[in-house]
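Secondary and tertiary structure notes
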Amino acid sequence: MPEHFPDTFRIPLPDDFHVHLRQDEPLRVYVHDLASSFGRAIVMPNTTPPIRNAADLRRYRDEIIDAAAGYPWFTPLMTFKIAESHSAGQVRQLAAAGAYAGKLYPQGATTNSEDGVPDIRAAWPVFEAMQDSDLVLCIHGEDPTSFVLDREDAFLPVLEEMVRDFPRLRIVLEHITTSRAVELIRSLPDTVAATITVHHLLLTLDDVVGGFLNPHVFCKPIMKRPEDRAALAEAALSASPKFFFGSDSAPHPVGAKENACGCAGVYTAPVAMPLLIDFFERHGSIAGLREFCCERGRRFYRLPESDYEVSYSRKPWTVPERYGVVVPFRAGSTVVWTGSRPEPVQGG
Ligand SMILES: [Zn+2]
């Protein structure tokens with residue numbers, strides 16, 4: 001039986017294990033929506049230019065910390081974009097600079113991945129070096145040469161090879177979308193986990209192209225069938241430590257979405273937590289919400305418990321039509337839950 005939540009409850013400040021923060025002025029605008037609701041975030045490196053080396057990583061982290069100055073609880077967890085040319089020495093330097101993860105983009109799989117890895121097996125030595133430095137490998141798991149609905153499942157055999165060849169490497173298959181991916185992740189060792197977004201928990205392909213085309217929920221990997229969404233929901237609600245929250249929130253200006261060549265990505269940062277709370281109230285429990293948003297990801301990434309907590313209250317609000325020049329997920333609709341300003345844990 002789903003648990004009817006009290007009108008106000010407290011949880012540790014959630015973390016977001018997959019987010020796009022941009023640079024320069026857009027970073028300064030959109031970091032607020034993320035840092036208002038989350039304590040830590042795995043920040044994707046597919047900026048232009050990408051985050052490739054230790055100097056890039058330090059510079060980008062400083063830029064984010066500066067932009068998030070009003071949010072003392074917020075810590076960006078940095079990543080780098082894997083190239084098959086990365087040497088073991090460069091990987092060690094990235095680890096020493098504080099990288100938490102390297103991100104693998106198969107070439108052409110998604111936004112800014114033209115400079116991704118064309119032949120994944122050519123990056124095997126990079127994965128070896130990451131395993132030696134105890135870095136997490138985050139993967140955009142799609143084979144871009146396959147039919148669009150089959151791309152994620154087509155990538156799964158490559159994941160199995162990686163797990164076989166790098167038994168100590170911690171791997172996160174990002175933003176999973178299919179029941180086969182859920183099944184495989186469950187069957188693999190505890191070194192392998194997956195993130196799930198709020199939009200993949202709530203939508204299917206019907207919401208993107210089933211009626212009028214909705215460019216604001218077009219993303220990669222694209223939403224799939226109802227049975228896939230059901231498998232994701234079951235995974236998020238299960239007691240498995242392998243499935244945790246990563247929003248993949250990505251602010252694209254309205255003109256880049258409402259466009260003949262519209263960009264992939266959904267801007268969920270301002271509404272992710274209210275929608276997840278609603279989802280867990282309908283299907284699960286506060287304990288499940290806390291596991292999915294506050295506990296499993298940080299355990300996988302070996303992070304301490306949050307020093308901050310947040311209280312959520314049943315205070316409905318209307319999602320603005322725009323945040324800056326970006327149309328957010330669920331623009332114009334009413335969401336039920338409102339979060340407080342995070343506060344340090346009492347006696348912590
Ligand atoms: Zn992403």
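You'll find the structure just up there.
Residues numbered from 1 in each chain as written. Predicted model: local features only at pLDDT ≥ 70, side-chain atom pairs only at ≥ 80, totals over all residues.

1. Here we look at the overall build of the protein
What counts, and what does not: Put simply, DSSP marks the helices as runs of H or I at least four residues long and the strands as runs of E at least two long, and each gets a number from the N terminus on. For the radius of gyration, the atom set is restricted to C-alpha positions; the globular benchmark scales as 2.2 Å times the number of residues to the power 0.38. Buried means a residue has 20 or more other C-beta atoms within 10 Å of its own C-beta, exposed means 12 or fewer, and partly exposed covers the counts in between; C-beta atoms are placed from the backbone. Any two residues are considered in contact once their C-beta atoms, placed from the backbone, lie within 7 Å.
Helix and strand counts for the protein stand at twelve helices and twelve strands. Relative to the globule expectation of 20 Å for 348 residues, the C-alpha radius of gyration of the protein, 19 Å, shows essentially globular dimensions. Dimensions along the principal axes, computed over C-alpha positions, put the protein at roughly 50 × 50 × 40 Å. For the protein, with 348 residues in total, the buried portion stands at 47%. In the protein, 70% of the contacts between residues at least 6 apart in sequence involve partners at least 24 apart.

2. Overview of helix α9 (residues 226-237)
To be explicit about the condition: One less than the residue count of a helix, multiplied by 1.5 Å, gives the span that helix is expected to have.
Over its twelve residues, α9 runs 16 Å from end to end, which matches the ideal 16 Å to within 8%, given 1.5 Å per residue. Taken together, the buried positions of α9 are D228, R229, A231, L232, A235, A236 and L237. For α9, the secondary structure elements touched by its buried residues are α6 (179-187), β8 (192-196), α7 (198-202), β9 (243-245), α11 (272-283) and α12 (286-300).

3. A few points about the pairing of β8
The line we're drawing: Strands qualify as paired when DSSP identifies two bridges or more between them. Handedness of a crossover is defined as follows: with both strands directed away from the viewer, a clockwise route from the first strand across the helix to the second makes it right-handed.
Of all five residues that make up β8, five are buried, and the element is covered over most of its length. In β8, alternate side chains face the same way, and those of V192, A194 and I196 on one face and A193 and T195 on the other are all buried. Two elements, strand β7 (residues 171-173) and β8, share three bridges in a ladder whose sense is parallel. Note that in β8 the partner of L173 across the bridge is A194. You can see the chain leave β7, run along α6 and come back into β8, and the turn it takes is right-handed. Looking at chain direction, β8 and β9 are connected through three bridges and run parallel. Each bridged residue has a counterpart across the sheet, and for A194 the counterpart in β9 is F243.

4. Some words on the nonpolar core
Worth spelling out the cut-off: To define a nonpolar core, we join buried Ala, Val, Leu, Ile, Met, Phe, Trp, Tyr and Cys residues through C-beta atoms within 7 Å and take the resulting set.
If you look at the biggest cluster of nonpolar residues, it comprises 95 residues, and the most contacted ones within it are L34, V43, L137, I185, A194 and L276. Ranked by the residues each element gives to this core, the list is headed by α11, at six residues. Those residues in contact with L34 that lie beyond four places of it in its chain are D16, V19, L21, A41, S249 and A269.

5. So, the pairing of strand β5 (residues 101-104)
Taking every second residue as pointing to the same face, both faces of β5 are buried, with A101 and K103 on one and G102 and L104 on the other. Bridge count for strand β4 (residues 75-81) against β5 is three bridges, and the pairing is parallel. Residue T79 lies in a different strand from β5, and its bridge partner there is A101. With helix α3 (residues 88-96) bridging β4 and its parallel neighbour β5, the resulting β-α-β unit is right-handed. Sheet topology note: the β5/strand β6 (residues 136-139) ladder contains four bridges and is parallel. Bridged to G102 within β6 is L137.

6. Here's the deal with unusual backbone geometry
Here the amide bond leading from T48 into P49 is cis, since omega sits at -5°, within 30 degrees of zero. Of note, the bond from K220 into P221 is cis; its omega dihedral lies within 30 degrees of zero at -5°. Relative to the helices and strands, P221 is located in the loop between α8 (205-210) and α9. Phi is positive for R22, which is not a glycine, with a value near 65°. One can find R22 in the loop between β2 (16-19) and α1 (24-35). Assessed through the 20 C-beta atoms surrounding it within 10 Å, R22 is described here as buried. The phi torsion at D24 lies on the positive side, around 50°, for a residue other than glycine. Tracing the backbone through its elements, the reader meets D24 in helix α1.

7. With respect to the sheet that holds β7
Hydrogen bonding along the main chain pairs the strands of a sheet, whether they run parallel or antiparallel. What counts here: Helix axes use the C-alpha atoms of the stretch in contact, all axes being lines fitted to C-alpha atoms, and the angles between their N-to-C directions lie in the range 0 to 180 degrees.
Sheet architecture is open: eight strands sit in the order β2-β3-β4-β5-β6-β7-β8-β9, paired in parallel fashion. A single partner strand is all that each edge strand has here, and the edge strands are β2 and β9. Along the sheet, successive strands turn relative to each other by an average axial angle of 30°, direction set aside.

8. Quick look at the environment of T48
Structurally, the position occupied by T48 is in the loop between β3 (40-43) and α2 (54-67). Through-space distance from the C-alpha of T48 to that of F292 is 31 Å; in sequence the pair is 244 residues apart.

9. Considering the environment of P50
Structurally, P50 can be placed in the loop between β3 and α2. For P50, a count of 21 C-beta atoms within 10 Å translates into the label buried. In the structure, P50 is positioned 102 residues away from E152 in sequence and 24 Å away in space, judged by C-alpha atoms.

10. Examining the environment of H199
For H199, the location among the structural elements is in helix α7. Overall, H199 belongs to the buried group, with 26 C-beta atoms counted inside 10 Å. Excluding residues within four positions of it along the chain, H199 makes contact with V217, C219, V266, T268 and F329.

11. Overview of the packing of helix α5 (residues 151-165) against α6
Working note: a packed helix pair is described by the angle between its axes plus the distance between those axes. For the record, the criterion: Note on terminology: angles under 35 degrees are roughly parallel, angles over 145 are roughly antiparallel, angles of 65 to 115 are roughly perpendicular, and the others are oblique. Note on convention: the crossing is left-handed when the near helix lies turned anticlockwise from the far helix by less than a right angle, right-handed when the turn is clockwise. The residue classification treats Ala, Val, Leu, Ile, Met, Phe, Trp, Tyr, Cys and Pro as nonpolar and Asp, Glu, Lys and Arg as charged. All others, Gly included, are polar.
Two elements in contact, α5 and α6, have axes separated by 9 Å at closest approach and are oriented at 25°. Of the possible angle classes, the one that applies to α5 and α6 is roughly parallel. Note that α5 runs across α6; the crossing there is left-handed. Two secondary-structure elements touch here, α5 through E152, D153 and L156 and α6 through R180, A181 and L184. When grouped by side-chain class, the residues that make up the contact of α5 with α6 number three nonpolar, no polar and three charged.

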